[in-house]
Amino acid sequence: YTLVDARVSFEFGLADERNVVLSLVGKNLTDKEYREQTLILGAGGGFQGWAPPRTYAIELVWNN
């Protein structure tokens, strides 16, 4: 399977020589369902962990 992630960032300089970075982030943009982990406990039992679905985030970083 193929996973698609993306990030777009904008950097703004401030008058006092500091800067601010604003990023838009997307993970698993195709919303692919897949197992991240499996724990087999024997006799056909066990647990499995699924990856997170499509997610979006906004990140703001202020540098001093």
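Within every chain, residues take consecutive numbers counted from 1 along the sequence as written. Local features in a predicted model are, by the rule used here, given only for residues with pLDDT of at least 70; side-chain atom pairs are given and counted only at 80 or more, and totals for whole chains, interfaces and linings are based on all residues. Side-chain numbers come from the whole structure's heavy atoms, not from hydrogens or water.

1. Re the overall build of the protein
- Strands are runs of DSSP state E lasting at least 2 residues, helices are runs of H or I lasting at least 4, and numbering of each runs from the N terminus. Tallying secondary structure elements over the protein gives zero helices and five strands in all.
- Counting helices and strands in the order they occur from the N terminus, the protein gives β-β-β-β-β.
- The globule rule used for comparison is 2.2 Å times the number of residues to the exponent 0.38, while the radius of gyration itself is calculated over C-alpha atoms. Taking 64 residues into account, the globule formula puts the C-alpha radius of gyration at 11 Å, and the protein, at 19 Å, lies well above it.
- By principal-axis analysis of the C-alpha atoms, the protein measures approximately 65 × 25 × 15 Å.
- For the protein, the residues scored as buried account for 16% of the 64 residues in total.
- The long-range share in the protein, meaning contacts at least 24 apart out of those at least 6 apart in sequence, stands at 47%.
- When the accessible surface of the protein is split by element, carbon and sulfur atoms take 55% of a total near 5400 Å².
- Within this scheme the basic residues Lys and Arg register as positive and the acidic residues Asp and Glu register as negative, but His and the chain ends are omitted. Here the site of a charge means atom NZ of a Lys, CZ of an Arg, CG of an Asp or CD of a Glu. Distance between charge centres in the protein, computed from 6 positive and 8 negative side chains, equals 8 Å. Under the scheme applied here, a residue whose accessible area is under 20% of the maximum for its type counts as buried, over 50% as exposed, and between as partly exposed, the area being computed with a 1.4 Å probe on protein chains only. Contact definition: two residues touch when any of their heavy atoms are within 4.5 Å. Surface accessibility in these figures is a Shrake-Rupley result with a 1.4 Å probe; residues are shielded only by whichever protein chains are displayed.

2. Considerations on the confidence of the model for the protein
- The pLDDT value expresses, per residue, how confident the predictor is, ranging between 0 and 100. Put simply, the protein has an average pLDDT of 92, and 100% of its residues get 70 or more.
- At the level of individual helices and strands, the protein shows its lowest average pLDDT in strand S3 (residues 35-42), which scores 88, and its highest in strand S2 (residues 19-27), which scores 97.

3. A short note on the side chain of Asn28
- Note that Asn28 resides in the loop between S2 and S3.
- Residues contacting Asn28, with those up to four places away along its chain left out, are Leu3, Val4, Asp5, Tyr34, Pro52, Pro53 and Arg54.

4. Quick notes on the environment of Asn64
- Inspection of the secondary structure puts Asn64 in the segment after strand S5 (55-63).
- Among the residues examined, Asn64 registers a relative accessible area of 81% and is labelled exposed.
- Each C-alpha atom, one on Asn64 and one on Glu17, is 8.5 Å from the other, the two residues being 47 residues apart in sequence.

5. Regarding the pairing of S3
- S3 sits mainly on the outside: zero of its eight residues count as buried.
- As judged from the six bridges shared by S3 and strand S4 (residues 45-50), these two strands associate in the antiparallel manner. Bridging across to S4, Gln37 finds its partner in Gly49.
- Note: two strands are recorded as paired if DSSP finds a minimum of 2 bridges between them. The turn linking S3 back onto S4 is made up of two residues, and Ala43 within it adopts a positive phi angle of 55°.

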